[in-house]
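Examination of the molecular architecture
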Amino acid sequence: MAEVTVRAFAAGDEGSLVEAWNRSLRADPTTAGWFRDCVLLDPNFDPEGLRVAVVDGRVVGCAYAVRRLTPLAPGTDLEPETGWIPFFFVVPEYRGSGLGRRLVEEAVAFLRDQGRVRVDFASYTPNYVLPGADPEAYPEGLRLLEQLGFATLYSPVAMDRSLVGYVMPDDVHGLLAQRESEGYGFRSPRDGELPELVRFAANVFNPDWGEAIRAHRTPSRIVIATKATNVTNAAIATEVTAAREVANAANAGNAINAGNAISASNVANSGSMGSAGNAANVASAGSAGSAGSAGNAGNALNAANAGEAGAGAGGRGGVKIVGFALYGAYRGVLERFGPFGVDPEMQGTGLGKILLHLTMTRMRAEGLHSSWFLWTGEQSPAGHLYTKAGYAVTRRFHVMRRTV
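As the structure is a computational prediction, the values presented were derived from the model and not from experiment.

**Let's talk about the overall build of the chain**
Helix and strand counts for the chain come out as 14 helices and 14 strands. Residues classed as buried in the chain amount to 50% of the 404 residues present. Considering only residue pairs separated by 6 or more positions, the chain has 77% of its internal contacts joining residues 24 or more positions apart. Carbon together with sulfur atoms contributes 51% to the accessible area of the chain, which is approximately 17,500 Å² in total.

Pasting the structure below:
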């Protein structure tokens, strides 16, 4: 076997590194573009941390160590005690030679020399390859990590769901109508709401989620749940009832009911979730009866259905964001669902269920054939929600840590 040299990454290694990666990590092939964008152009990249094993000028293995040189998001620190190993590999013909151990130990030593006291595999955000070690795809890699003192912190799962033939279930339509009558709204964010959404995602959930939303450039692929503020649910319910009575008096009740059904159909088939659709349908119904009465009905129903108290009720209040779901946020992969979250104070109300199905409806409307994500707790509330919505576990991972 030819002599192996282990050194820091150097320009010119990238081509053979990607080739060796695809021979080694066959369940997770990569591209030169991904390696460039997510490793070489990562602001935290340090070539000394990317340890490569080279034979006759060609890469036959590597281990990547990274620590934060810039904060993940505004208001966060450099996590000065933590470093990460997002990936390592050895080509098949050099396995069993101790090369993998040597590479990982050099990666750990790099992080220790930079003052890190713990090393995580492989949950480096935002540019991790996998959430952790996959025991089925890479059992040798898992054993090596365990031998080197890495212990499992937790074990997330990846899940997938086919969207072929997907139709929003009737019970979700009913839940949606109920929550809208209580002052909730479901739609894409307006540009002026994006800063609030970023703050909500970052502060309530994870700074990485906020940055994923900040970088997202297609608001139509984001769905938010809003809640009316400065107006009680009882007041909204009274307003809805009064609106319906006015519409009935104008002989437009049937038209309004039909309008609402059409609006629900629009949500299911085209992913249009804004208040405009409901308002337009109600206004159309209003024109079937007395103009003044039906117009008032349309305004009241718009306020109730969209949760926009100020939109049709003289500016009595506003809305706050209480949940969100999106797709296409990571590397532009449209079938990748997430991030996804509901205000903890609102959990148990069905908002997550509504957001999940409205988002899948939009994905289906774009012709996407599946929805998938890499990371959730299998027994968590979110995991149960996904399972009930037809998602199935496709991979399991072990997020691991070693102290140094």
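**Quick notes on a nonpolar patch on the surface**
A surface patch of nonpolar side chains, about 280 Å² in accessible area, is lined by Leu-153, Tyr-154 and Trp-375. Relative to the helices and strands, Leu-153 is located in strand 6 (residues 151–154).

**Notes on the pattern of salt bridges**
Evaluation of the coordinates by the stated rule reveals 20 salt bridges. Between Glu-81 and Arg-118 there is a salt bridge; the shortest N-O distance is 3.3 Å. Here the residue Glu-81 occupies a position in the loop between strand 3 (58–66) and strand 4 (82–90), and Arg-118 occupies one in strand 5 (residues 118–121), the gap between them amounting to 37 residues. For Arg-118, a relative accessible area of 26% corresponds to the partly exposed category.

**Some words on the environment of Pro-207**
Among the structural elements, Pro-207 can be located in helix 7 (residues 207–215). For the pair formed by Pro-207 and Thr-76, sequence separation is 131 residues and the distance between their alpha carbons is 7.8 Å. Among all residues touching Pro-207, those that are not within four sequence positions of it are Leu-72, Ala-73, Thr-76 and Ala-202.

**Considerations on the packing of helix 5 (residues 170–181) against helix 13 (residues 351–365)**
Where helix 5 contacts helix 13, the axes come no closer than 10 Å and their chain directions differ by 120 degrees. Taken together, helix 5 and helix 13 sit at an angle that is classed as oblique. As for the relative orientation of helix 5 and helix 13, their crossing is left-handed in sense. Here Asp-171, Val-172, Leu-175, Leu-176 and Arg-179 of helix 5 come into contact with helix 13, specifically with Leu-351, Lys-353, Ile-354, His-357 and Leu-358.

**Quick word on the sheet that holds strand 13 (residues 392–396)**
The strand order across the open sheet built from three strands is 12-7-13, with neighbouring strands paired in antiparallel fashion. Only two strands of the sheet have a single neighbouring strand rather than two, namely strand 12 (370–376) and strand 13. Neighbour-to-neighbour, the strand axes of this sheet turn through a mean angle of 25 degrees, independent of strand direction. As defined by bridge partners, strand 7 (residues 157–162) adjoins strand 12 across five bridges and the pair is classed as antiparallel. The residue bridging Met-159 from the neighbouring strand is Phe-373, located in strand 12. Against the sheet, helix 14 (residues 381–388) touches strand 7 and strand 12, its axis set at about 160 degrees to strand 12.

**A few points about the nonpolar core**
Leu-17, Leu-50, Ile-85, Leu-99 and Phe-150 are the most contacted members of the largest nonpolar core, which has 58 residues in total. Sequence-distant contacts of Leu-50, that is, excluding residues within four places in its chain, are made with Arg-7, Ala-8, Phe-9, Leu-17, Phe-35, Val-39, Phe-45, Cys-62, Ala-63, Tyr-64 and Phe-87. Counting 31 residues, the second largest nonpolar core, distinct from the first, contains Val-223, Ala-225, Leu-355 and Tyr-386.

About the cut-offs
- Residues numbered from 1 in each chain as written.
- Predicted model: local features only at pLDDT ≥ 70, side-chain atom pairs only at ≥ 80, totals over all residues.
- Heavy atoms only, no water.
- Helix = DSSP H or I, 4+ residues; strand = E, 2+ residues; numbered from the N terminus.
- Buried < 20%, exposed > 50% of the residue type's maximum accessible area, 1.4 Å probe, protein only.
- Contact = heavy atoms within 4.5 Å.
- Areas by Shrake-Rupley, 256 points an atom, 1.4 Å probe, with all protein chains shown as cover.
- Patch = residues over 30% accessible without salt bridge, like charges linked within 9 Å, V, L, I, M, F, W, Y side chains within 5 Å.
- Salt bridge = Lys/Arg side-chain N within 4 Å of Asp/Glu carboxyl O.
- Axes fitted to C-alpha atoms, helices over the stretch in contact; angles between N-to-C directions.
- Parallel < 35°, antiparallel > 145°, perpendicular 65-115°, else oblique.
- Left-handed = near helix turned anticlockwise from the far one by under 90°.
- Pairing = 2+ DSSP bridges.
- Core = buried A, V, L, I, M, F, W, Y, C linked by side-chain atoms within 4.5 Å.

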